[in-house]
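Structure at a glance
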Amino acid sequence: MLEIREIQVLIEKKSYAELRRIGHRMMGSGLTYGVRFVTVYGEHLKVLSEYGDLEAIRHVTAAYVIDLESFKAYISSENRGV
């Protein structure tokens, strides 16, 4: 999956075109691996990048990090049989 740090650097650089590409990649990854929330965050990142809304992009990225950590914890507990 995608490095969150990469998104954060692009936000600071205001690299909207690259953020749009990442959003598109996230949409594809979410669909490929069956992880719907990644697809949804990718859609949001793509659209917000088109509008150039940095504050909303930061908010969506922070929410994505929280959900990603929860997902990792869930997968980890499933693998341990908890």
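Look up: the structure comes first, before these words.
A brief report on the enclosed structure follows. (Residues numbered from 1 in each chain as written. Predicted model: local features only at pLDDT ≥ 70, side-chain atom pairs only at ≥ 80, totals over all residues. Heavy atoms only, no water.)

Re the environment of Thr39
Relative to the helices and strands, Thr39 is located in helix H3 (residues 36-51). Judged by relative accessible area, which is 3%, Thr39 ranks as buried. Along the primary structure Thr39 and Gly23 are separated by 16 residues, whereas in three dimensions their C-alpha atoms are 8.3 Å apart. Look past the residues within four positions of Thr39 in its chain and what remains in contact with it is Met26, Met27, Gly30 and Leu31. (Helix = DSSP H or I, 4+ residues; strand = E, 2+ residues; numbered from the N terminus. Buried < 20%, exposed > 50% of the residue type's maximum accessible area, 1.4 Å probe, protein only. Contact = heavy atoms within 4.5 Å.)

Things to note about the pattern of salt bridges
Overall, the coordinates contain four salt bridges when judged by the stated rule. Where Glu12 meets Arg58, a salt bridge forms, and the shortest distance between an N and an O atom there is 3.5 Å. Within this pair, whereas Glu12 is found in helix H1 (residues 4-13), its partner Arg58 is found in helix H4 (residues 54-80), the two being separated by 46 residues in sequence. Take Arg58: its relative accessible area is 33%, and that puts it in the partly exposed class. The salt bridge involving Glu55 is made with Arg58; its shortest N-O contact spans 3.7 Å. Of this pair, Glu55 and Arg58 both sit in helix H4, three residues apart, which is roughly one turn of that helix. Overlapping salt bridges, with partners in common, bring together Glu12, Glu55 and Arg58 in one network. (Salt bridge = Lys/Arg side-chain N within 4 Å of Asp/Glu carboxyl O.)

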